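Remarks on the overall topology
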Amino acid sequence: MLRRVLYIDLGKNESFVEERHDLFEEWLGGTGVATQLLLEECPKGADPLSPEAPIIFSIGPLNALFPAMTKTVATFKSPLNDELGESYAGGRLAMAMRFAGHESIVIRGAAESPCYISIRNDDVKIKDATSIWGIPATVVGYILRDVETGVGRRSIIRIGPAGERRVKYAGVVADTYRHFGRLGLGAAFGSKNLKAIVISGTEDVELPDPKRYRKIYNKLYRTVVQTDAMEKYHDIGTPININVLNQLKGLPTRNFQESSFEDAEKISGEVLADNYLFRRVSCAHCPIGCIHIGMLKTSFSRQHEFEIRKISYDFELIYALGSNLGVSSPEGMLELIEACERQGLDAISTGVVLAWATEALDRGLINLEDTSGIPLQWNDVDGYLKAIDNIVKMPNEFYSALAEGVEQASEKYGGQEFAMALGKNEVPGYHTGPASIVGLTVGVRHSHLDNAGYSIDQKAAKKNLSPEEMVDAIIKEDDSRGVYNSLVGCLFARGVYSTENIIEALGSVGIEKTEEELEILGRKIFDEKYRFKRREGFDLEKSRIPHRFYETVSTMGMVDPETIETMMEIYRKRRGW
Ligand code: SF4
């Protein structure tokens, strides 16, 4: 392993490579290393949209070498919540970084005018992007792939107009169908005048013991493709959970006013697979193909001319732009997903923001003048499409507030009790019970993927877990995911990568670790992330929990504030805080 970090300064138009064995030996790779680089590079209190706030990408030691080891982590200071920004994407980026010979990339400064970065091995060029500024995220990739080399070993990540205009929850689209969605990486790109990064490489990877590598590779590959460990992700994909959660009363509907949706079946994974599924694609080096691409046929002239739009969908998008907005037509929901894709918006945040705005209008906190005459109503796809455009264009004070996220908008206009954010990050699609609420509150990036509280709730419902047992499960997940995310594996494959398999896979690439060492590392990585969060002002004691969580029945029944407070207290004690 080369342990190379590529530093690029957009302001100075220069780049250099450093070997950072110190970092990779102590922190493994991925999120472990990226967190350290963020602590090193980001000055305390930096404005997240200023040139001094860095953007960091990192892969881990197993990426592009083992099945489903496909993700790249980005760390940055989040413009949405002003503390730790961390987001993950699949696609081809991890593979391209591996072949370019860079395990981490640090982007400093800001360009004076729109640019994109072209990286081929150590050759780094900062190129003019004036002609593609303003172009939708869905189109930029088609343009850049014609002018850049490296096809087959190349990744193109880019922003849309939302990132350019610094909507605080703008994302970065990775290779068309994957995203660094959460916490506003797109706005950080926009603030640097950075439209895209194209990266490819021709390096080889030398392995210390190819025989040992082959043996563990075959074992893992067989588990992925010949057992049922990942079957559900290929078949219906994550949207299979729409019907499941709906039956369990865990599917947020109309801004969490309900937890089951009468039209869930119409937008379910099964119906989408039967009627709209066009094909499935995979991240590079994954045999699963869980990325479901829907097909929308639209007439664009009276002479029966049609265009076919290909739109990737998954559970979170169906929740955010489907049930949570009361949208019951699959076509309407796919249209909304595509609008977010074009603009380069995080779909979860956009859905939550629109749901809050719909309720705020209904309750008279805002009026039609605020919404520019759009009568936002549940299931009104046309209204929501116009509102998405306005969030990006920001024609008035109200839409500018929506572009700041639901926390900020509700601080200004009221309605915090139904502004569904935890840690100032719009919440994902689970109203499963207390473990989900506590998990999202304490998680390092306030994401369901920090500790899978939603899944702990489902176990708790079956096994009657005590608050202590739920908190212990949250902590165990928080810490073990620190290690897994340092390898930057796909979380869908976490069941395949047992600790024993991780130790064997690491050994085959020359990294010897014991179970105890990995356990300690996971805890240390969690602590380091909290070090950054606290340094930037995050205070768990001041976390706001929207009252709506206590008003709507969940999978675990009604949640009461005392249970949450008890679990938070247990959590603080267990962590020694
Ligand atoms: S399971 Fe899906 S998201 Fe995960 S690596 Fe494979 S294709 Fe990518």
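Predicted, not measured: the structure shown is a model, and the values here were computed from it. (Residues numbered from 1 in each chain as written. Predicted model: local features only at pLDDT ≥ 70, side-chain atom pairs only at ≥ 80, totals over all residues.)

**Notes on the sheet that holds strand S13 (residues 277-281)**
Let me state the cut-off plainly: Any two strands between which DSSP finds at least two bridges are classified as paired. Helix and strand assignments follow DSSP, with helices taken as H or I runs no shorter than four residues and strands as E runs no shorter than two, numbered in order from the N terminus. To get an axis, a line is fitted to the C-alpha atoms, and for a helix only the part in contact is used. The angle between two axes follows their N-to-C directions and goes from 0 to 180 degrees.
Spatially, S13-S14-S15 is the arrangement adopted by the three strands of the open sheet, whose pairing is antiparallel. A single partner strand is all that each edge strand has here, and the edge strands are S13 and strand S15 (305-313). Strand after strand, the sheet turns through a mean of 30 degrees between neighbouring axes, direction not considered. Sheet analysis places strand S14 (residues 291-301) next to S15, joined by nine bridges and oriented antiparallel.

**Brief notes about the packing of helix H2 (residues 30-41) against helix H22 (residues 515-535)**
To keep it simple, the criterion reads: Here the word oblique covers every angle except those under 35 degrees (roughly parallel), over 145 (roughly antiparallel) and from 65 to 115 (roughly perpendicular). Each crossing is labelled by how the near helix is turned from the far one, with a counterclockwise turn of less than a right angle marking it left-handed and a clockwise turn marking it right-handed. What counts as a contact here is a pair of residues whose C-beta atoms, placed from the backbone, lie within 7 Å. For this scheme, ten residues count as nonpolar: Ala, Val, Leu, Ile, Met, Phe, Trp, Tyr, Cys and Pro. Four count as charged, namely Asp, Glu, Lys and Arg, and the remainder, Gly too, count as polar.
The interhelical angle for the contact between H2 and H22, taken along N-to-C directions, is 30 degrees, at an axis separation of 10 Å. The orientation of H2 with respect to H22, classified from their angle, is roughly parallel. Crossing of H2 against H22: the hand is left-handed. Counting all contacts with H2, which are made through Thr31, Gly32, Thr35, Gln36, Leu38 and Leu39, the residues of H22 involved are Leu521, Ile525, Glu528, Lys529 and Phe532. When the residues that make up the contact of H2 with H22 are grouped by side-chain class, the tally is five nonpolar, four polar and two charged.

**Observations concerning helix H4 (residues 137-147)**
Heads up, the rule is: In this scheme every C-beta is placed from the backbone, and a residue whose C-beta has 20 or more other C-beta atoms within 10 Å is buried, one with 12 or fewer is exposed, and one in between is partly exposed. Here the arc refers to the directions that run from the helix axis out to each C-beta atom.
Within the span of H4, buried status applies to Ala137, Val140 and Leu144. Down the axis of H4, the buried side of the element spans an arc of 40 degrees, and every buried residue falls inside it. Exposed side of H4, more than 90 degrees from the buried face: Tyr142 and Asp146 are the residues found there. Lining the buried residues of H4 we find strand S9 (154-158), strand S10 (172-174), strand S12 (194-200) and helix H12 (330-343).

**A look at the site of the ligand**
To keep things clear, this is the line we draw: Only the C-beta atom matters for this test: placed from the backbone, it must lie within 6 Å of a molecule or strand for the residue to be near it. Residue ranges labeled as domains rest on an automatic or database domain assignment.
The full set close to the ligand counts 13 residues, and Cys283, Cys286, Ile288, Cys290 and Cys490 are the nearest of them. For the shell around the ligand, the two domains that each supply at least three residues are domain 1 (4-200) and domain 2 (239-406).

**Topic: helix H19 (residues 453-463)**
All buried positions along H19 are accounted for by Gly453, Tyr454, Ile456, Asp457, Gln458 and Ala460. Tucked inside the fold, the buried residues of H19 contact helix H17 (434-442), helix H18 (448-451) and helix H20 (467-487).

**Concerning the domain arrangement of the protein chain**
Domain annotation for the protein chain reports domain 1 (4-200), domain 2 (239-406) and domain 3 (432-494 + 514-575). Listed as interface residues are ten residues of domain 2 and, on the opposing side, eight residues of domain 3. Its residues assigned to classes, the side of domain 2 that touches domain 3 comprises five nonpolar, three polar and two charged.

**Some remarks on the sheet that holds strand S5 (residues 84-89)**
Strands belonging to one sheet form pairs held by backbone hydrogen bonds; the direction of such a pair is parallel or antiparallel. A sheet is described by the order of its strands in space; here six strands give the open sequence S2-S1-S6-S3-S4-S5, paired in mixed fashion. Of all the strands in the sheet, just strand S2 (14-19) and S5 have a single pairing partner and so form its edges. Going from strand to strand, the sheet's axes swing by 15 degrees on average, the running direction of each strand aside. Note: strand S3 (residues 55-58) against strand S6 (residues 104-108), four bridges, orientation antiparallel. Each bridged residue has a counterpart across the sheet, and for Phe57 the counterpart in S6 is Ile105.

**A closer look at the pairing of S12**
The buried fraction of S12 is high, at seven of seven residues. Pairing between strand S7 (residues 115-120) and S12: six bridges, direction parallel. Following the sheet pairing, Cys115 is matched in S12 by Leu194. Pairing of S9 with S12 involves five bridges; the strand directions are antiparallel.

**Remarks on the nonpolar core**
Operational definition: Any set of buried Ala, Val, Leu, Ile, Met, Phe, Trp, Tyr and Cys residues joined through C-beta atoms within 7 Å is what this text calls a nonpolar core.
In this structure, Ile337 and Trp356 are the most contacted members of the largest nonpolar core, which totals 173 residues. The element best represented in this core is helix H13 (residues 347-362), accounting for nine residues. Leaving out residues up to four positions away in the same chain, Trp356 has contacts with Asn255, Val406, Ala409, Ser410, Gly415, Phe418, Ala419 and Met420.

**Section: unusual backbone geometry**
Positive phi outside glycine occurs at Asn193, with the angle close to 60 degrees. Inspection of the secondary structure assignment puts Asn193 in the loop between helix H6 (185-191) and S12. For His446, which is not glycine, the phi dihedral falls at a positive 55 degrees. Among the structural elements, His446 can be located in the loop between H17 and H18. Given 28 C-beta atoms within a 10 Å radius, His446 is considered buried.

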